[in-house]
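The primary structure of each chain is shown beneath.
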Amino acid sequence: MKIGIVGSGAMGSGIAQVASTAGHEVILSDTREAALETSKNKLQKIMNRLIEKSRVEADEAQAIQGRIQYTTDNADMASCGLVIEAIVENLDVKKQVFKQLESIVSEDAMLASNTSSLSIASIAAACEHPERVLGIHFFNPAPLMKLVEIIPAIQSDPKVVETARQLINNWGKTTVLAKDTPGFIVNRVARPFYGEALRIYEEGIADFATIDWAMKDFGAFRMGPFQLMDYIGNDINFTVTETVFKAFWYDPRYKPAFTQKRLSEAGYLGRKTGKGYYDYSPEAMPPAHTGDTKLGIKIVNRVVAMLINEAADALYLNIASRDDIDLAMTRGVNYPKGLLQWADEIGIEECVARMDALYHEYLEDRYRCSPLLRRMARDGATFY
Ligand SMILES: NC(=O)c1ccc[n+]([C@@H]2O[C@H](COP(=O)([O-])OP(=O)(O)OC[C@H]3O[C@@H](n4cnc5c(N)ncnc54)[C@H](O)[C@@H]3O)[C@@H](O)[C@H]2O)c1
């Protein structure tokens, strides 16, 4: 099957590499000639690196590059069986592209969006045949991140969803099925990792370095929240948070933090600008953490309780299955273990107690315990 990819930015280029590596002919389009040129050069560099590391043979690398055709004309996608859109995150522009694509591809071609935050139903609604539309959400960088969220719109034909899921599985990815709701699985369940860490900082309980140290040393997370936000970029991370917050009709659980907003406004975006929560200039000394074990454990317990609560609530609201929620967090954002499995290990009653303690302290809706956890604690149930 020929694969079309619209938008040759960070995501489109990565997805093109994945599809071509899996043996597909790929048509990669962009409105900007310069973006196509950049994409082509980047792939060349990636392939050179893979050859140096003996991860691919030179002739295989050449074949991967050779299977991608670069174009500014989506009309070249006429014979594609699947087109994945990865353009600017703007609903009106995406709708226009889907409408145009439908006039180009054959009747049985599948159309997918890689959107992080828009509803798939609203994109599908632009089409005459919305049943062929679904969400296929890759993570950045697409060739390295194992997880792909598959999102059926309410209009999607289940056969289309299943075919697309099988295809992406064959590309060596782990797929999970997510309901068409803001943030899907990962960008919803992961919010407290950033949000609660920021809240702990804003309350003056601990500094960035201590929170990061605690989450890594006692929580076994690969990166601390502030390190990770600096890596992702504070502009991008703030936008995702703000988008999810608004999309949930201002649920205080997802409330963004002024600390991050100000960093973003100041241009302290993280690694890419040399300054974020941390200073990345060559002469900068990394700040020391306090080494206070008791405080460290308290921080981890609070953030993990919030994460578990979010995961439990996603299950409660049928956003995804138990297994897919745990897979999404271990494969999509490399959490040390699935949050629902973690809940079992901590004990459901203890999870409820931690949430209730926060709720009684603050009397904020942000800290409300998921009804599922409360019910499970009452019934002595476990997730596994
Ligand atoms: N960057 C991430 O971490 C990430 C992760 C998952 C999903 N996404 C989603 O993927 C999509 C693309 O994100 P990105 O980071 O690759 O963006 P990007 O800005 O790197 O690339 C977007 C590309 O689309 C092109 N484009 C814009 N309008 C177009 C049109 N009408 N037709 C063809 N090309 C057009 C632009 O020229 C640009 O090259 C967005 O919907 C985003 O939400 C991004």
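Residues numbered from 1 in each chain as written. Predicted model: local features only at pLDDT ≥ 70, side-chain atom pairs only at ≥ 80, totals over all residues.

J.: Could you give an account of the overall build of the chain, naming the residues involved and the relevant values?
T.: When you go through the chain residue by residue, the secondary structure sums to 17 helices and 8 strands. For the chain, the proportion of its 384 residues judged to be buried stands at 46%. Across the chain, the fraction of contacts at a sequence separation of at least 24, relative to all contacts at a separation of at least 6, is 68%. (Helix = DSSP H or I, 4+ residues; strand = E, 2+ residues; numbered from the N terminus. Buried ≥ 20, exposed ≤ 12 C-beta atoms within 10 Å, placed from the backbone. Contact = placed C-beta atoms within 7 Å.)

J.: Help me get a handle on the sheet that holds strand β8 (residues 174-177), residues and values and all.
T.: Strand order in the open sheet formed by 8 strands is β3-β2-β1-β4-β5-β6-β7-β8, with mixed pairing between adjacent strands. Two strands close off the open sheet at either side, each with one partner strand: β3 (68-71) and β8. Pairwise comparison of adjacent strand axes, ignoring direction, gives a mean angle of 25 degrees for this sheet. Pairing between strand β7 (residues 147-152) and β8: 4 bridges, direction parallel. Of the residues in β8, the one forming a bridge with Leu-147 is Thr-174. (Pairing = 2+ DSSP bridges. Axes fitted to C-alpha atoms, helices over the stretch in contact; angles between N-to-C directions.)

J.: Tell me what's going on with the packing of helix α13 (residues 293-316) against helix α17 (residues 371-379), and back it up with residues and numbers.
T.: Two elements in contact, α13 and α17, have axes separated by 7 Å at closest approach and are oriented at 90 degrees. Considered as vectors, α13 and α17 are oriented roughly perpendicular to each other. Here Asn-309, Ala-312, Asp-313, Leu-315 and Tyr-316 of α13 come into contact with α17, specifically with Pro-371, Leu-372 and Leu-373. Residue composition of the contact of α13 with α17, grouped by class: 6 nonpolar, 1 polar and 1 charged. (Parallel < 35°, antiparallel > 145°, perpendicular 65-115°, else oblique. Nonpolar A, V, L, I, M, F, W, Y, C, P; charged D, E, K, R; others polar.)

J.: How would you explain the pairing of strand β2 (residues 26-29) if you had to name every residue and give the values?
T.: Covered by surrounding structure in β2 are Val-26 and Leu-28 together with Ile-27 and Ser-29, the residues of both alternating faces. Note: strand β1 (residues 2-6) against β2, 4 bridges, orientation parallel. Across the sheet, residue Gly-4 finds its bridge partner in β2, namely Ile-27. Between β1 and its parallel partner β2, the chain crosses via helix α1 (residues 10-21), and the hand of that crossover is right-handed. Sheet analysis places β2 next to β3, joined by 4 bridges and oriented parallel. (Right-handed = clockwise from strand over helix to strand, strands pointing away.)

J.: Tell me what's going on with unusual backbone geometry, and back it up with residues and numbers.
T.: Of note, the bond from Asn-140 into Pro-141 is cis; its omega dihedral lies within 30 degrees of zero at -5 degrees. Secondary-structure assignment places Pro-141 in the loop between β6 (133-138) and β7. A positive phi is found at Ala-220, a non-glycine position, where the angle reads about 65 degrees. The topology assignment puts Ala-220 in the loop between α9 (208-217) and α10 (225-232). Although it is not a glycine, Leu-363 sits at a positive phi angle of roughly 50 degrees.

J.: Outline the environment of Glu-162, listing residues and values.
T.: Along the polypeptide, Glu-162 turns up in helix α6 (residues 158-170). With 13 C-beta atoms counted inside 10 Å, the residue Glu-162 sits in the partly exposed group. Taking C-alpha positions, Glu-162 is 33 Å from Glu-345, a pair spaced 183 residues apart along the chain.

J.: So, the domain arrangement of the chain: which residues are in play, and what are the values?
T.: Structurally, the chain comprises domain 1 (2-177) and domain 2 (185-384). Between domain 1 and domain 2, the C-alpha centre-to-centre distance is 30 Å. Contacts between the two partners involve 10 residues from domain 1, matched on the other side by 12 residues from domain 2. Every element with two or more residues in the side of domain 1 that touches domain 2 is listed here: β7 and β8. Tallied by class, the residues present in the side of domain 1 that touches domain 2 amount to 5 nonpolar, 3 polar and 2 charged. (Domains from an automatic or database assignment.)

J.: Describe the site of the ligand, naming the residues involved and giving the relevant values.
T.: Lining the immediate environment of the ligand, one finds 24 residues, of which Gly-7, Gly-9, Met-11, Ala-35 and Asn-140 sit closest. The set of elements that each furnish at least two residues to the shell around the ligand consists of α1 and α4 (91-102). Broken down by element, the shell around the ligand gets its largest block of residues, 3 residues, from α1. Residues that form the shell around the ligand fall into these classes: 11 nonpolar, 10 polar and 3 charged. (Near = placed C-beta within 6 Å.)

J.: Hey, could you go over the packing of α13 against helix α15 (residues 339-346) for me, with residue numbers and the actual values?
T.: As a packed pair, α13 and α15 sit with axes 9 Å apart at the nearest point and diverge in direction by 120 degrees. As far as their axial angle goes, α15 and α13 are oblique. Crossing geometry of α13 relative to α15 is assigned as left-handed. Only Leu-339, Leu-340, Trp-342 and Ala-343 of α15 make contact with α13, whose side of the interface consists of Val-304, Leu-307, Ile-308, Ala-311, Ala-312 and Leu-315. (Left-handed = near helix turned anticlockwise from the far one by under 90°.)

J.: Quick one: what's the story with the nonpolar core, residue by residue and with numbers?
T.: If you look at the biggest cluster of nonpolar residues, it comprises 103 residues, and the most contacted ones within it are Leu-134, Ala-164 and Ile-185. A total of 11 residues in this core trace back to one element, the largest contributor, which is α13. There are two domains that each give this core at least three residues, and those are domain 1 (2-177) and domain 2 (185-384). With near-sequence residues (within four places) excluded, Ala-164 lies in contact with Leu-82, Met-110, Ala-112, Leu-134, Ile-136 and Ile-150. (Core = buried A, V, L, I, M, F, W, Y, C linked by C-beta atoms within 7 Å.)

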